[in-house]
Amino acid sequence: QVQLVESGGGLVQPGGSLRLSCAASGSIVSIYQMAWYRQEARKQRELVASIGSGGSTNYADSVKGRFTIGRDNAKNTVFLQMNSLKPEDTAVYYCNVGAIPVGSSLGMDYWGKGTLVTVST
């Protein structure tokens, strides 16, 4: 069993910053990718940023230069530093982890419950 717990969401004014965290726990052999997705009301879920096992990162065009993804391998934690926030960043942000659980040779996707980020005056 693998569980993800997100934290750090909340209400922030435009131009402000938030730092999201996601901690993975359970019977994990290894984590090969960690990512953040977001879903606006009544819209499709989209990839915001990802970080691979080798440290390579990818960002959605809409957040490049404003968001930074990082990880702490020792704690199986991924972070998303969100700066210069805009109202259009308002969404539920979901942590996604690709991991190999104990007892398996196959990687699996795991999702957190989501944390709400609201950017508004």
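Residues numbered from 1 in each chain as written. Predicted model: local features only at pLDDT ≥ 70, side-chain atom pairs only at ≥ 80, totals over all residues. Heavy atoms only, no water.

1. Notes on the pairing of strand S4 (residues 28-39)
- Summarising the sheet, S4 and strand S9 (residues 91-101) pair through 10 bridges and their orientation is antiparallel. Along S9, the bridge assignment pairs Tyr37 with Tyr94.
- When S4 meets strand S5 (residues 46-52), the two strands line up antiparallel, connected through six bridges. Bridge pairing links Trp36 to Ala49 in S5. (Pairing = 2+ DSSP bridges. Helix = DSSP H or I, 4+ residues; strand = E, 2+ residues; numbered from the N terminus.)

2. Here's the deal with the sheet that holds strand S7 (residues 67-72)
- What the four strands build is an open sheet, ordered S1-S3-S8-S7; its pairing is antiparallel. Taken across any chain shown, the strands that pair with only one partner, and hence form the sheet edges, are strand S1 (2-7) and S7. Between one strand and the next, the sheet's axes are offset by a mean angle of 15 degrees, whatever the strand orientation.
- Here S7 runs beside strand S8 (residues 77-82); their pairing, made up of six bridges, is antiparallel. Note that in S8 the partner of Arg71 across the bridge is Val78. (Axes fitted to C-alpha atoms, helices over the stretch in contact; angles between N-to-C directions.)

3. So, the pattern of salt bridges
- Throughout the structure, instances matching the rule amount to five salt bridges.
- Arg66 is paired through a salt bridge with Asp89; the nearest N and O atoms lie 2.8 Å apart. Placement of Arg66 in the loop between strand S6 (57-59) and S7 and of Asp89 in the loop between S8 and S9 is noted, with a sequence separation of 23 residues between them. (Salt bridge = Lys/Arg side-chain N within 4 Å of Asp/Glu carboxyl O.)

4. Remarks on the state of the cysteines
- Tallying each qualifying case throughout the model produces one disulfide.
- Disulfide pairing is shown between Cys22 and Cys95; the S-S distance is 2.1 Å. Every disulfide takes its handedness from the sign of the S-S torsion; for Cys22 and Cys95 that torsion is -85 degrees, giving left-handed. Pair noted here: Cys22 is in strand S3 (residues 18-26) and Cys95 is in strand S9, with a separation of 73 residues, a long-range link. Like Cys95, Cys22 is buried. (Disulfide = S-S within 2.5 Å. Buried < 20%, exposed > 50% of the residue type's maximum accessible area, 1.4 Å probe, protein only.)

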